[in-house]
Amino acid sequence: MLFDYHVHTAFSDDSSYPMSDCILDAIDLGIDEICFTDHVDYGIKLDWDQSKKFKRVNGQLMANVDYPLYFQTISHYQRLFKGQITLKKGLEFGVQTHTIPLYQALFDEYENQLDFVILSIHQVDDLEFWTQDYQKGKSQKEYIEGYYRQMYDVVRSFHDYNVLGHMDMINRYDLIGNYPFELVKPYIAEILKVVIADEKGIELNTSSHRYGLNDSTPCKAIMELYRDLGGKIITIGSDAHSKQHLGAYINEGKAYLKSLGFEWQCAFYQMNPSYYPIG
Ligand SMILES: [Zn+2]
Ligand SMILES: [Zn+2]
């Protein structure tokens with residue numbers, strides 16, 4: 001089975017990929033199931049119904065998903081493409097400790113609509129990594145440890161998610177280069193123990209290929225640690241924001257997981273996992 005469990009469309013403010021095009025492309029690619037996971041980033045973005053207060057960055061509106069329209073549209077396409085492809089309703093929550101109450105309220109409002117939630121750490125203290133605003137003025141040790149401390153604090157108090165997204169994404173934006181894994185291993189092990197005890201999982205994010213990283217996302221050492229700690233729940237996602245990345249390297253991802261000794265990939269329905277053998 002070919003699943004892509006991390007897909008962005010024009011409902012995310014950083015994508016202009018129409019959902020209908022995405023579905024047709026996925027069918028062309030022979031993908032069995034896609035889960036839409038458009039962005040919610042409280043702290044730096046407002047909800048669609050607060051449009052008067054929208055922030056503009058380089059002329060672009062910064063807004064979260066228009067939830068009612070989003071879920072309605074996916075329902076419509078589920079009916080339209082029935083028998084051709086399975087479509088799931090997900091969101092990617094960019095959670096920070098101070099925004100947890102907002103995500104809690106959002107989840108409570110749309111719980112009956114959601115199949116799947118990715119929990120990602122996209123910002124700390126409302127500072128972005130990709131712009132270097134978060135790293136600025138900190139040593140490498142400070143910003144790496146601060147990132148994982150934030151993740152640990154979030155997973156201990158927020159439980160309405162299924163997998164941790166691109167767990168070591170901070171490495172992608174680390175201008176200094178690889179921070180020794182042994183130094184962050186204790187933090188990562190504690191996070192993974194909480195995640196496993198909470199019956200959550202992690203994702204293999206195949207965007208590492210297009211970013212030209214020399215390791216997987218998360219890195220092989222994290223994947224092995226997760227396996228050794230008894231982690232079972234894994235989804236595979238391309239993190240596509242456009243046609244060229246949809247479904248990319250998913251088959252390679254399956255082979256990679258198999259080589260690490262993982263036997264199952266997960267799909268989700270109403271926040272519950274189903275396990276499919278990685279064939
Ligand atoms: Zn993300
Ligand atoms: Zn994403």
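Anything mentioned here points back to the structure above.
Residues numbered from 1 in each chain as written. Chains lettered and ligands numbered in written order. Predicted model: local features only at pLDDT ≥ 70, side-chain atom pairs only at ≥ 80, totals over all residues.

Enquirer: Hey, could you run me through the overall build of the protein in this one?
Expert: The helix and strand inventory of the protein stands at 7 helices and 13 strands. Compactness check: the protein gives a C-alpha radius of gyration of 18 Å against a globular reference of 19 Å for 279 residues, within 12% of the reference. Taking the principal axes of its C-alpha atoms as reference, the protein extends roughly 50 × 50 × 35 Å. Counting only residues that meet the buried cut, the protein has 42% of its 279 residues in that class. Long-range contacts, defined here as pairs at least 24 residues apart, represent 77% of the contacts in the protein between residues at least 6 apart. (Helix = DSSP H or I, 4+ residues; strand = E, 2+ residues; numbered from the N terminus. Rg over C-alpha atoms; globule rule 2.2 N^0.38 Å. Buried ≥ 20, exposed ≤ 12 C-beta atoms within 10 Å, placed from the backbone. Contact = placed C-beta atoms within 7 Å.)

Enquirer: Help me understand the sheet that holds strand 2 (residues 33-40), please; the structure alone is not making it clear to me.
Expert: For sheets, the rule is that strands pair by backbone hydrogen bonds, running either parallel or antiparallel. Strand order across the open sheet formed by 7 strands is 1-2-5-6-9-10-11, with parallel pairing between neighbours. Sheet topology places strand 1 (3-7) and strand 11 (234-237) at the edges, where each strand pairs with a single neighbour. In this sheet, strand 11 lies alongside strand 10 (residues 201-205) in parallel orientation, the contact comprising 4 bridges. Note on strand 11: the bridge partner recorded for E203 is T235. Seen against the sheet, helix 7 (residues 250-259) touches strand 1, strand 10 and strand 11 and runs at an angle of roughly 150° to strand 11. (Pairing = 2+ DSSP bridges. Axes fitted to C-alpha atoms, helices over the stretch in contact; angles between N-to-C directions.)

Enquirer: Whenever I open this one, the pairing of strand 11 confuses me. Can you help?
Expert: In the case of a regular strand, side chains alternate between the two sheet surfaces. Burial along strand 11 is two-sided: I234 and I236 and T235 and G237, pointing in opposite directions, are all buried. Regarding the hand of the β-α-β motif, the stretch spanning strand 10, helix 6 (residues 220-228) and strand 11 is right-handed. (Right-handed = clockwise from strand over helix to strand, strands pointing away.)

Enquirer: Would you mind showing me how to read the packing of helix 4 (residues 140-157) against helix 5 (residues 181-197) here?
Expert: Two quantities define a packed helix pair, namely the angle between the helix axes and the distance between the axes. Where helix 4 meets helix 5, the closest approach of the two axes is 9 Å, and the angle between their N-to-C directions is 15°. The pairing of helix 4 with helix 5 is recorded here as roughly parallel in orientation. Considering the relative orientation of helix 4 and helix 5, their crossing is left-handed. Facing I144, E145, Y148, M151, Y152, V155 and R156 of helix 4, the residues of helix 5 in contact are V184, Y187, I188, E190, I191, V194 and V195. Partitioning the contact of helix 4 with helix 5 into residue classes produces 11 nonpolar, no polar and 3 charged. (Parallel < 35°, antiparallel > 145°, perpendicular 65-115°, else oblique. Left-handed = near helix turned anticlockwise from the far one by under 90°. Nonpolar A, V, L, I, M, F, W, Y, C, P; charged D, E, K, R; others polar.)

Enquirer: Looking at this model, I keep getting lost on the packing of helix 5 against helix 6. Mind explaining?
Expert: For the pair helix 5 and helix 6, interaxial distance at closest approach is 11 Å and the crossing angle is 40°. Here helix 5 lies oblique to helix 6, going by the angle between them. The handedness of the crossing between helix 5 and helix 6 is right-handed. In this structure, helix 5 uses F181, I188, A189 and L192 to contact helix 6, whose residues at the interface are A221, I222, L225 and Y226.

Enquirer: Sorry if this is basic, but what is going on with helix 6 here?
Expert: An α-helical turn contains 3.6 residues, so a residue and the one three or four places further along point in the same direction. Along helix 6, the residues classified as buried are I222, M223 and Y226. Viewed along the axis of helix 6, the buried residues span an arc of 100°, placing them on a single side of the element. Exposed side chains of helix 6 directed beyond 90 degrees from the buried face belong to E224 and D228. In the core, the buried residues of helix 6 are packed alongside helix 5 and strand 10. Phi for G230, located one or two positions after helix 6, is positive at around 95°. (Arc of directions from axis to C-beta.)

Enquirer: What is the right way to read the nonpolar core from this model?
Expert: Nonpolar side chains in soluble globular proteins tend to be buried together. With 68 residues, the main nonpolar core has F93 and V117 as its most contacted residues. Not counting residues up to four positions away in its chain, the partners in contact with V117 are G90, L91, F93, D160, Y161 and N162. (Core = buried A, V, L, I, M, F, W, Y, C linked by C-beta atoms within 7 Å.)

Enquirer: What should I look at first to understand unusual backbone geometry in this one?
Expert: Across residues other than glycine, the phi torsion is negative in most instances, and most of the peptide bonds are trans. With omega at -5°, the peptide bond leading from T217 into P218 counts as cis. With respect to the secondary-structure elements, P218 resides in the loop between strand 10 and helix 6. You will see that H166, though not glycine, has its phi angle at about 25°, which is positive. Exposure remark for H166: the 24 C-beta atoms within 10 Å place this residue in the buried category.

Enquirer: I tried to follow helix 4 on my own but got confused; where do I start?
Expert: Over its 18 residues, helix 4 extends 26 Å from the first C-alpha to the last, a length consistent with the 26 Å expected when each residue adds 1.5 Å. Three or more residues of helix 4 are buried, namely Y143, I144, Y147, M151, V154 and V155. End-on view of helix 4: buried residues confined to an arc of 105°, all on one side of the axis. More than 90 degrees from the buried face of helix 4, the exposed residues found are K141, E142 and S157. In the core, the buried residues of helix 4 are packed alongside helix 3 (100-110), strand 7 (123-124) and helix 5. (Expected span 1.5 Å × (residues − 1).)

Enquirer: Teacher, can you tell me more about the environment of I176 here?
Expert: Along the chain, the position of I176 falls in the loop between strand 9 (163-164) and helix 5. Looking at I176, the number of C-beta atoms within 10 Å reads 10, which means it is exposed.

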